[in-house]
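# Structural characterization, general
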Amino acid sequence: MVDERYYIGEEEFYLLLAGKGIERWYGMSSDEKGIAPEGMSATDIYRILAGLYQKGLVSWEGDSVRLEGIASEMMKILLPSRCCMRLEKPGSGEEVIFYFNGSRAVMLELSRRENKTFRISILSQNDVLDVLTEASVFPEEQLFYDAEEETPEQPQLNDPPLATLIFLHPREGRELEKIRIRERGIDIFMDIEREMTRRIVRFTPETWQEELLEMCSAHDIPEDRREL
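Conventions adopted
- Residues numbered from 1 in each chain as written.
- Predicted model: local features only at pLDDT ≥ 70, side-chain atom pairs only at ≥ 80, totals over all residues.
- Heavy atoms only, no water.
- Buried < 20%, exposed > 50% of the residue type's maximum accessible area, 1.4 Å probe, protein only.
- Helix = DSSP H or I, 4+ residues; strand = E, 2+ residues; numbered from the N terminus.
- Pairing = 2+ DSSP bridges.
- Contact = heavy atoms within 4.5 Å.
- Patch = residues over 30% accessible without salt bridge, like charges linked within 9 Å, V, L, I, M, F, W, Y side chains within 5 Å.
- Areas by Shrake-Rupley, 256 points an atom, 1.4 Å probe, with all protein chains shown as cover.
- Salt bridge = Lys/Arg side-chain N within 4 Å of Asp/Glu carboxyl O.
- Core = buried A, V, L, I, M, F, W, Y, C linked by side-chain atoms within 4.5 Å.

## Side note on the pairing of strand β7 (residues 96-101)
Here β7 lies mainly inside the structure; six of its six residues are buried. For β7 and strand β8 (residues 104-110), the ladder comprises six bridges, and the chain directions are antiparallel. Across the sheet, F100 pairs through a bridge with A105, a residue of β8. What sits between the antiparallel neighbours β7 and β8 is a turn of two residues, in which G102 has the positive phi angle 60°.

## Points about the environment of L212
Note on placement: L212 falls in helix α5 (residues 205-218). We classify L212 as buried; its relative accessible area is 0%. Taking the C-alpha atoms as reference points, L212 and L129, 83 residues apart in sequence, are found 9.9 Å from one another. Once residues lying within four places of it in the same chain are set aside, the contact partners of L212 are F100, Q125 and F167.

## Describing the pairing of strand β6 (residues 83-88)
Within β6, five of the six residues are buried, which leaves the element mostly enclosed by the surrounding structure. Pairing of β6 with β7, which is carried by five bridges, proceeds in the antiparallel orientation. The residue of β7 that forms the bridge with L87 is V96. Relative to strand β10 (residues 163-168), β6 is paired through five bridges, and the arrangement is antiparallel. Within the sheet, the bridge partner assigned to L87 lies in β10 and is L165.

## Concerning a nonpolar patch on the surface
On the surface, a nonpolar cluster with roughly 300 Å² of combined accessible area is contributed by Y53, W60 and V65. Checked against the element boundaries, V65 lands in strand β5 (residues 64-67). Classification of V65 by relative accessible area gives partly exposed; the value is 39%.

## Here's the deal with the nonpolar core
If you look at the biggest cluster of nonpolar residues, it comprises 31 residues, and the most contacted ones within it are F13, L16 and L78. Counting only elements with at least two residues in this core, the list comes to α1 (10-19), α2 (42-54), α3 (69-78), β7, β8, β9 (117-124) and β10. With six residues, α3 is the single largest residue contributor to this core. Not counting the four nearest positions on each side in its chain, L16 is found in contact with I8, L52, V58, L67, A71, M74 and M75. In this structure, F167, L176, M215 and C216 belong to the second largest nonpolar core, which totals 30 residues.

## Examining unusual backbone geometry
The phi torsion at K116 lies on the positive side, around 50°, for a residue other than glycine. Summarising the element assignment, K116 is placed in the loop between β8 and β9. Under the relative-accessibility criterion, K116 is labelled exposed at 58%. Unlike most non-glycine residues, M196 shows phi in positive territory, near 70°. The topology assignment puts M196 in the loop between β12 (187-194) and β13 (197-202).

In structure tokens:
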């Protein structure tokens, strides 16, 4: 479960990425742009770094900047990440994205209280299911059925989905997969679209974890090739 959440300004977040040499970053609907601080003055950069220092997220080592605390942990997941998932839920007005690396994830949410601020949490892949359940994307555990039971009638594909999970490459912005969450009666289905193919899978915790693991592992970087 999500135990702690941290807040960081958008410009602070993107400056940390730019400081690691990341020129473009995708995920949030507003991220489809270059993030290098090309138009940012030295005064702006030092102002942002001062704010990060006051939050205990950076320290100075001579002329270089060292990441500390949650900023360091976050970058260990973000920099090697080649798969992220954006949750879109009709009418909610919320935007949540998960960046995956191995068995861990960074959850990024737009803060409702602070303008241009992200709320950040470090999760395990198992925690992601709990978050989606709390957001009413997936049902509570007592509604799950045994996989051996008779296959139910499948949903109407023209009906609006309960939610959509869009998988993207965070450095390239290309869509990897789209999962529309649909219901039929008391059953929940994953309508999975990937590389010109489409399949319908009945939701259970097992089928979800299998799909997430397959998607993330397909784009993971082996540990001996990761640059942190």
